[in-house]
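Reading the structure
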Amino acid sequence: MKAETLNFFDRVYAVAKQIPYGRVTSYGAIAKYLGASRSARMVGYAMNGSGGKDVPAHRVVNRKGLLTGKHHFDGTNLMQQLLESEGIVVINNQIQDLDKVFWDPFSLQN
DNA sequence: TCGGTGACTCCCC
DNA sequence: TGGGGAGCCACCG
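Rules of the game
Residues numbered from 1 in each chain as written. Chains lettered and ligands numbered in written order. Predicted model: local features only at pLDDT ≥ 70, side-chain atom pairs only at ≥ 80, totals over all residues. Near = placed C-beta within 6 Å. Helix = DSSP H or I, 4+ residues; strand = E, 2+ residues; numbered from the N terminus. Nonpolar A, V, L, I, M, F, W, Y, C, P; charged D, E, K, R; others polar. Contact = placed C-beta atoms within 7 Å. Core = buried A, V, L, I, M, F, W, Y, C linked by C-beta atoms within 7 Å. Buried ≥ 20, exposed ≤ 12 C-beta atoms within 10 Å, placed from the backbone.

- Within an unreviewed UniProt entry, the label attached to chain A reads MGMT family protein, and the organism entered is Hyunsoonleella aestuarii.

Here is the structure:
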């Protein structure tokens, strides 16, 4: 069974749910955590199915800290609003101090 | 059934 | 150092 690949989506959601408040991570970080650093696109795609789930997709951004997925939210700047609501500084759809708010899923292993 | 697309990232030149 | 191309895998039509 290719259950492992199917779990890829579920794992993405699981990791995204583990993102602590006021912190963000990148698609590549999650993908790498799942052992598919080159499948970062799939992570973002998985977020498409995050609708209706408790997955804080707004805490997942690209490697540059750009809110590339904000366009997929109901609101145009809803994603930015949510991040700012958590104390994250977002300017021009880009997260500031990304190094400070960046959260690594490998921290779970700690 | 097959092809195309996509919220990205890394490698090569 | 900077820019461009290829890769990856699942979902949709």
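Further notes follow.
**Here's the deal with the protein's contact with DNA strand B**
- Surrounding DNA strand B, one finds 18 residues, the nearest of these being Gly28, Gly44, Asn62, Arg63 and Gly69.
- Only helix 2 (27-33) and helix 3 (40-48) provide two or more residues apiece to the surface near DNA strand B.
- Of all the elements, helix 3 adds the most residues to the surface near DNA strand B, at seven residues.
- For the surface near DNA strand B, the per-class residue count stands at six nonpolar, ten polar and two charged.

**Here we look at the environment of valine 55**
- Along the chain, the position of valine 55 falls in the loop between helix 3 and strand 2 (60-61).
- Not counting the four nearest positions on each side in its chain, valine 55 is found in contact with Tyr13, Ala16, Lys17 and Ser50.

**Here we look at the nonpolar core**
- Ala16, Val24, Ile30, Val43, Val60 and Ile95 are the most contacted members of the largest nonpolar core, which has 25 residues in total.
- Where this core is concerned, the elements lending two or more residues are helix 1 (3-17), helix 2, helix 3, strand 2 and helix 4 (78-85).

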